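Inside the fold
Each chain is listed here by its residues.
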Amino acid sequence: MPGIVLVGAQWGDEGKGKITDLIAHDFDFVVRYQGGNNAGHTVIADGKRLALHLIPSGIMYPNVTPVIGNGCVIDPRVLIDEMDMLEREGISTERLLISGNAHLIMPYHLDLDGASELLLGKNEIGTTRRGIGPAYQDKAARVGIRVQDLLDPAIFKLKLETVLVEKNRLLERLYDLPTYTADDICAQYLTYAARIVPHIADVSTLLNDALRANRGVLFEGAQGTLLDIDHGSYPFVTSSSCTAGGATVGTGVGPVAINKVLGIAKAYLTRVGSGPFPTELFDETGETLAKIGGEVGTTTGRSRRCGWYDAVVVRYAAIINGLTDLCVTKLDVLSALDNIKVCVAYDYADKLYGTVPETQTAFHHATPRYEELPGWKCDISGCRRFEELPAAARDYIAFIEKLADVPVSMIAVGPSREQTIMRGWRL
Ligand code: GDP
Ligand code: IMO
Ligand code: MG
């Protein structure tokens with residue numbers, strides 16, 4: 001059995017939750033390796049619609065062990081709320097395993113996320129304000145508090161007292177915000193500990209043993225390639241490694257354990273928050289995509305910016321992640337359109353770009369070069385085989401495939417599990 005990474009090929013919200021849930025039953029472990037509750041992964045199964053923020057989308061299957069890896073940042077209150085929500089839905093969270101090396105999102109991280117966005121003013125990133133950036137900042141600064149610190153209340157308090165010296169000064173003097181006492185946070189977090197400690201596990205050893213024993217591990221990426229801290233549209237990115245390489249760092253598994261990398265791309269494009277988006281639409285077509293596609297954020301409820309499919313972005317994602325397969329989602333949303341545009345290259349300063357420009361300036365000012373394809377103007381949400389799709393929809397997929405230079409082995413034509421066309425997907 002293989003190790004497979006599933007990764008967003010655009011700016012997030014590509015339908016990673018749906019596809020993870022669809023294929024998870026073939027795996028023994030489904031693992032989140034980065035990010036936190038900035039993610040919102042929608043799973044629709046057995047008539048239930050669930051929004052998962054931290055818990056892997058394989059949780060629905062009793063044969064799957066869901067794992068949160070060391071590369072994640074965890075807001076314990078959100079995690080416990082999510083566990084309670086799942087239990088209420090009759091889904092057991094007993095099997096959930098959490099790396100002791102994952103970092104905790106602390107109350108001051110939430111304050112600092114909001115405060116630094118305010119200070120950035122019109123240059124704000126448009127974060128989810130879930131404390132993600134400040135938690136990763138502390139990890140890099142080596143003052144982060146980790147899940148394993150919940151095991152020892154004395155150590156937890158000591159680390160907290162140390163870091164609060166700096167945080168309280170920042171909150172009070174720079175941002176004019178209330179400060180914290182270690183006692184207050186300890187009281188709150190040590191009640192969370194009772195729920196979280198039983199799930200702590202040596203994730204790296206467990207996954208390496210599993211892979212050596214030929215058991216299947218699915219690494220569920222959050223966010224997307226263009227939100228990656230290194231390879232994304234910096235500074236308008238998140239603070240973690242969303243790309244496929246993040247799966248090895250974020251779990252402690254070597255790169256040769258990964259057999260396949262499945263990229264998920266919407267049949268058009270969306271983005272939440274600030275930053276470049278060359279194919280963004282500000283007209284009626286954009287509104288149509290937003291309306292039919294239900295393009296409202298799963299985590300923050302913000303409207304998603306919508307635009308045409310950008311083959312430059314997906315080609316870039318194919319290269320950066322080493323995609324072996326592509327899954328195109330939400331093809332059904334395009335059914336309303338007479339004609340569909342695809343961006344095949346960018347123009348900027350007398351130069352033609354076939355991949356994402358190396359400078360921020362060029363990306364911000366890139367003008368898309370489009371090719372226009374005819375729409376199919378009929379309902380495709382009931383199609384289950386590629387041959388059942390109208391010729392224009394098949395041509396659209398073939399065009400995307402050619403531009404990405406990666407086989408499109410799965411196509412989603414609706415939000416539920418069964419609304420998926422398998423086109424050569426193999427483990
Ligand atoms: P994720 O963050 O990548 O997991 O994606 P989200 O769950 O945030 O957003 C994807 C949205 O599209 C969800 O509401 C899904 O239920 C929905 N969805 C996924 N695939 C399809 C599809 O093929 N067609 C339609 N119409 N909706 C889809
Ligand atoms: P899923 O996993 C879409 C965006 C935010 C913002 C930027 C930084 O559901 O695809 P952060 O709070 O991470 O510091 O915000 O990243 N962002 C997402 N956009 N989908 C997501 O996750 C996102 N997670 C973060 O909107 O622009
Ligand atoms: Mg999402």
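The structure displayed is predicted, hence computed values, not measured ones. (Residues numbered from 1 in each chain as written. Chains lettered and ligands numbered in written order. Predicted model: local features only at pLDDT ≥ 70, side-chain atom pairs only at ≥ 80, totals over all residues. Heavy atoms only, no water.)

**A short note on the coordination of the magnesium ion (ligand 3)**
Here is the rule: Each metal's donors comprise the N, O and S atoms found within 2.8 Å of it (within 3.2 Å for Na, K or Ca). Water is not part of the atom list, so some coordination spheres may appear incomplete. Going along the chain from the N terminus, every DSSP run of H or I of four or more residues is numbered as a helix, and every run of E of two or more is numbered as a strand.
For the magnesium ion (ligand 3), every protein donor is listed as Asp-13 (OD) and Gly-40 (O), and the spread of their distances is 2.0 to 2.2 Å. Of this pair, Asp-13 sits in the loop between β1 (3–8) and α1 (16–23) while Gly-40 is found in the loop between β2 (29–32) and β3 (41–45), placing the two residues 27 residues apart along the sequence.

**Focus: the domain arrangement of the protein**
Here is the rule we go by: What marks off one domain from the next here is an automatic or database domain assignment. Contact definition: two residues touch when any of their heavy atoms are within 4.5 Å. Accessible surface is computed with a 1.4 Å probe, and the buried area is the amount of it that two parts give up when combined, taken over both parts together. Here a polar contact is taken to be a pair of N or O atoms separated by no more than 3.5 Å, where protein atoms must pair a possible hydrogen donor with a possible acceptor and residues adjacent in sequence count only if both atoms sit in side chains. Any residue that is not Ala, Val, Leu, Ile, Met, Phe, Trp, Tyr, Cys, Pro, Asp, Glu, Lys or Arg is counted as polar, Gly included; the first ten are nonpolar and the last four charged.
In terms of domain boundaries, the protein breaks down into domain 1 (3–99 + 200–261), domain 2 (103–196) and domain 3 (265–422). Domain 2 and domain 3 are separated by 37 Å when their C-alpha centres are compared. In this assembly, six residues from domain 2 lie in contact with five residues from domain 3. Summed over both partners, the interface of domain 2 with domain 3 buries about 370 Å², with 38% contributed by carbon and sulfur atoms. Of all residues in domain 2, Gly-126, Thr-128 and Arg-130 bury the most surface against domain 3, accounting for 68% of the area lost on that side. Taken together, the connections running from domain 2 to domain 3 amount to four residue pairs in polar contact (both at pLDDT 80 or more). Of the residues in the side of domain 2 that touches domain 3, the class split is one nonpolar, three polar and two charged.

**Points about the side chain of Thr-420**
For clarity, the cut-off: Only protein chains enter the area calculation, which uses a 1.4 Å probe; residues under 20% of their type maximum are buried, those over 50% are exposed, and those in between are partly exposed.
Mapping Thr-420 onto the fold places it in strand β20 (residues 420–422). Since its relative accessible area comes to 8%, Thr-420 is described here as buried. In terms of polar contacts, Thr-420 uses its side chain to reach the side chain of Lys-18, at 3.0 Å. Of the polar contacts made by the side chain of Thr-420, one reaches the backbone oxygen of Arg-417; its length is 2.8 Å. Those residues in contact with Thr-420, other than ones at most four positions away along the chain, are Lys-18, Leu-22, Arg-384, Met-410, Ile-411, Ala-412 and Val-413.

**Quick word on the side chain of Asp-138**
By secondary structure assignment, the location of Asp-138 is in helix α4 (residues 132–141). For Asp-138, the contacting residues outside a window of four places in its chain are Tyr-108, His-109, Val-143, Gly-144, Val-163 and Lys-167.

**Structural notes on the environment of Asp-395**
Here Asp-395 is to be found in helix α12 (residues 391–404). Placed 20 residues apart in sequence, Asp-395 and Gly-375 show a C-alpha to C-alpha distance of 9.9 Å.

**Comments concerning the site of ligand 2**
Note the following rule: We call a residue near a molecule or strand whenever a single non-hydrogen atom of that residue lies within 4 Å of it. Using the Shrake-Rupley algorithm and a 1.4 Å probe, accessible areas are obtained, with residue cover drawn only from the displayed protein chains.
Near ligand 2 lie 20 residues; those nearest to it are Asp-13, Lys-16, His-41, Thr-128 and Thr-238. One of the backbone N or O atoms of Asp-13 is found 2.8 Å from an oxygen atom in ligand 2. Out of a free accessible area of 550 Å², ligand 2 has 97% covered by protein chains. Across the shell around ligand 2, the residue classes tally to seven nonpolar, ten polar and three charged.

**Brief notes about the environment of Asn-37**
Position of Asn-37 relative to the elements: it lies in the loop between β2 and β3. Residue Asn-37 is classed as buried on the basis of its relative accessible area of 4%. Residues in contact with Asn-37, not counting those within four places in the same chain, are His-53, Leu-54, Asp-75, Val-78, Ile-105, Arg-130, Ile-132 and Thr-299.

**Quick notes on helix α7 (residues 203–212)**
We apply this condition: The directions from the helix axis to the C-beta atoms are what the arc is built from.
Turning to α7, its buried residues are Val-203, Leu-207, Ala-210 and Leu-211. One side of α7 carries all its buried residues, which in axial view fall inside an arc of 95°. In this fold, the buried residues of α7 make contact with β1, β2, β5 (65–68), β7 (97–99), β9 (200–201) and β10 (217–220). Just downstream of α7 lies Asn-214, where phi reads positive at about 65°.

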